Amino acid sequence: MLYTAPEICRRVGERVRALRLAQGLSQSVLAERAGVSFSTYRRLEATGQVSFADIVRTALALRAEDGLLELFPAPEYATLDEALKQTAPGRRRAPRRGKGADECA
C-alpha cells in the first residue's frame, strides 16, 4: 500500500501513543524521559511532525529503538562479489566534530 509522508507521520504518532498507553505513562512523563518539550511530544502523537532526533529520543524512552534500526534494511546481495563491490573502501569523509555531532539533528 502506498502512503503519503503525512500519513506515515500520523501513523507513527499513533503507534507512539499506543505504546505509551500500554506502558501506563502520561504524556508529560514520557516527554520528560525523552528529553523533549511537552508541546513537541503532543505534536508527535497528534501529527508525527517532529524532528527525527525527537523520534529517536522518544523511541529510546519507550525502549523501542530496535524498530528504528529496521527502517532502512541493508540490501541483500546475490553474490559475495556483489557485496564486496558495494562495501569496498573508498574516499570517506571525516566525522563531524563539535556540539551535537553525536545527535541526529
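Residues numbered from 1 in each chain as written. Predicted model: local features only at pLDDT ≥ 70, side-chain atom pairs only at ≥ 80, totals over all residues. Heavy atoms only, no water.

For the protein chain, the name recorded in an unreviewed UniProt entry is Helix-turn-helix domain-containing protein, with Rhodocista pekingensis as its organism.

1. Concerning the packing of helix α2 (residues 27-34) against helix α4 (residues 52-61)
This is how it is decided: Axis lines are fitted through C-alpha atoms, for helices just across the contact stretch, and the angle between N-to-C directions can take any value from 0 to 180 degrees. We count a stretch as a helix when DSSP gives it H or I for four or more residues in a row; a strand needs E for two or more, and each element gets its number in order from the N terminus. Put simply, angles under 35 degrees are roughly parallel, angles over 145 are roughly antiparallel, angles from 65 to 115 are roughly perpendicular, and the rest are oblique. By definition, residues are in contact when any of their heavy atoms lie within 4.5 Å. Each residue gets one label: Ala, Val, Leu, Ile, Met, Phe, Trp, Tyr, Cys and Pro are nonpolar, Asp, Glu, Lys and Arg are charged, and the others, such as Gly, are polar.
Contact geometry for α2 and α4: axes closest at 8 Å, N-to-C directions at 110°. Our classification of the angle between α2 and α4 gives roughly perpendicular. Where α2 abuts α4, its residues L30, R33 and A34 lie against R57, T58 and A61. For the contact of α2 with α4, the per-class residue count stands at three nonpolar, one polar and two charged.

2. Concerning unusual backbone geometry
Here the phi dihedral of R63 falls at roughly 60°; this positive angle occurs in a residue that is not glycine. By secondary structure assignment, the location of R63 is in the loop between α4 and α5 (65-69).

3. Observations concerning the packing of α2 against helix α3 (residues 38-47)
Formally: Should the near helix be turned counterclockwise from the far one by less than a right angle, the crossing is left-handed, whereas a clockwise turn marks it as right-handed.
At a minimum axis separation of 9 Å, α2 and α3 run at an interaxial angle of 110°. When the axes of α2 and α3 are compared, the pair comes out roughly perpendicular. Both α2 and α3 take part in a crossing whose hand is right-handed. Between α2, through Q27, S28, L30 and A31, and α3, the contact on the second element is made entirely by F38, Y41, R42 and E45.

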